[in-house]
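Spelled out from the first residue to the last, the chains are:
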Amino acid sequence: FTVPGANPDEDGNPLRQTLNINVGTIGSQPMNEALLTRFGGHYVVEKLADSAFKECIITRAQSNAGITVNAKTQKAVADWTFNVFNSVAKAVKTVDAETADRLITMRAAIGTAEKILDAIADGFVVDSKKFATQTMANILYTGGNPALQKAVADAIESVPALRM
């Protein structure tokens, strides 16, 4: 039998499912915690090594944007995005650690790198700080916390602009 919309394992068994969950994301955390307590398996989520994080940022950004750039540009974009990501995460944690863990995500870092790659491909000026503000900071502006907004703006400003 088949389950409509199911994600069967590689053997096609619909009773063994592959779960992709976002732990700690706003709105999904209570559901995911409840779901994980129903299974006997143990899941370990570890922080990626810096090099793996950078590789993921640039690989996903190129894939999403449909653009491939040379190795030197890949390294520059990945390093800069990684530095901004860490600066923003560190600044937000000083104001509200729980918010930082839920809102400063790899997806925002990938979005920043993607915007930079799009600008490069289209021949536009790369305004890296603007792109970081549009992706990493936008979600924090909706919360209405002036201390968080200032921390993010200061963190992005503290990182030198990307030079290409």
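Residues numbered from 1 in each chain as written. Predicted model: local features only at pLDDT ≥ 70, side-chain atom pairs only at ≥ 80, totals over all residues. Heavy atoms only, no water.

### Observations concerning the nonpolar core
Nonpolar side chains tend to gather and get buried jointly when the protein is soluble and globular. Selection rule: Note on terminology: a nonpolar core comprises buried Ala, Val, Leu, Ile, Met, Phe, Trp, Tyr and Cys residues joined through side-chain atoms within 4.5 Å. The cut-offs for exposure are 20% and 50% of the maximum accessible area for each residue type, with area from a 1.4 Å probe on protein chains only; residues under the lower value are buried, those over the upper are exposed, and the others partly exposed. For the purposes of this entry, the term helix denotes a DSSP run of H or I that reaches at least four residues, the term strand denotes a run of E that reaches at least two, and both are numbered from the N terminus.
Residues Val 77, Trp 80, Val 84, Val 88, Ile 116, Leu 117 and Met 136 are the most contacted members of the largest nonpolar core, which totals 36 residues. For this core, the elements supplying multiple residues, two or more each, are helix 2 (50-65), helix 3 (71-95), helix 5 (106-122), helix 6 (128-141) and helix 7 (146-158). Ranked by residue count, the leading element in this core is helix 3, at ten residues.

### What about the pattern of salt bridges?
Our working rule: A side-chain nitrogen of Lys or Arg and a carboxyl oxygen of Asp or Glu constitute a salt bridge if their distance falls within 4 Å.
Tallied over the full model, the rule gives four salt bridges. A salt bridge links Asp 79 to Lys 54, with the nearest nitrogen and oxygen atoms 3.1 Å apart. Separated by 25 residues along the polypeptide, Asp 79 in helix 3 and Lys 54 in helix 2 bring together distant segments of the chain. When its relative accessible area of 23% is taken as the criterion, Lys 54 is described as partly exposed. With a closest N to O distance of 2.5 Å, Lys 75 and Asp 79 form a salt bridge. You can see Lys 75 and its partner Asp 79 sitting in helix 3, four residues apart, about one turn around the helix.

### So, the packing of helix 2 against helix 5
Helix-helix packing: each pair is described by the crossing angle between the helix axes and the interaxial distance. The condition that has to hold: Think of each axis as a best-fit line through the C-alpha atoms, taken over the contacting stretch in the case of a helix, with angles from 0 to 180 degrees between the N-to-C directions. Angular relationships are summarised with four words: roughly parallel below 35 degrees, roughly antiparallel beyond 145, roughly perpendicular across 65 to 115, and oblique for the angles in between. In this scheme, a crossing is called left-handed if the near helix is turned counterclockwise away from the far one by less than a right angle; it is called right-handed if the turn is clockwise. By definition in these notes, contact holds between two residues if any of their heavy atoms fall within 4.5 Å.
Packing of helix 2 against helix 5 leaves a shortest axis separation of 8 Å and a crossing angle of 55°. Our classification of the angle between helix 2 and helix 5 gives oblique. For the element pair helix 2 and helix 5, the recorded crossing hand is right-handed. Residues Phe 53, Cys 56, Ile 57, Ile 58, Arg 60, Ala 61, Gln 62, Asn 64 and Ala 65 of helix 2 form the contact with helix 5, whose participating residues are Met 106, Ala 109, Ile 110, Ala 113, Glu 114, Leu 117 and Asp 118.

### Digging into the packing of helix 2 against helix 3
Heads up, the rule is: Lys, Arg, Asp and Glu make up the charged group, whereas Ala, Val, Leu, Ile, Met, Phe, Trp, Tyr, Cys and Pro make up the nonpolar group; the residues left over, Gly among them, are polar.
At their nearest, the axes of helix 2 and helix 3 sit 9 Å apart, and the two run at 115° to each other. The chirality of how helix 2 crosses helix 3 is right-handed. Side by side, helix 2 and helix 3 meet where Asp 50, Phe 53, Lys 54, Ile 57, Ile 58 and Gln 62 of the first sit next to Gln 74, Val 77, Ala 78, Asp 79, Thr 81, Phe 82 and Phe 85 of the second. For the contact of helix 2 with helix 3, the class distribution of residues is seven nonpolar, three polar and three charged.

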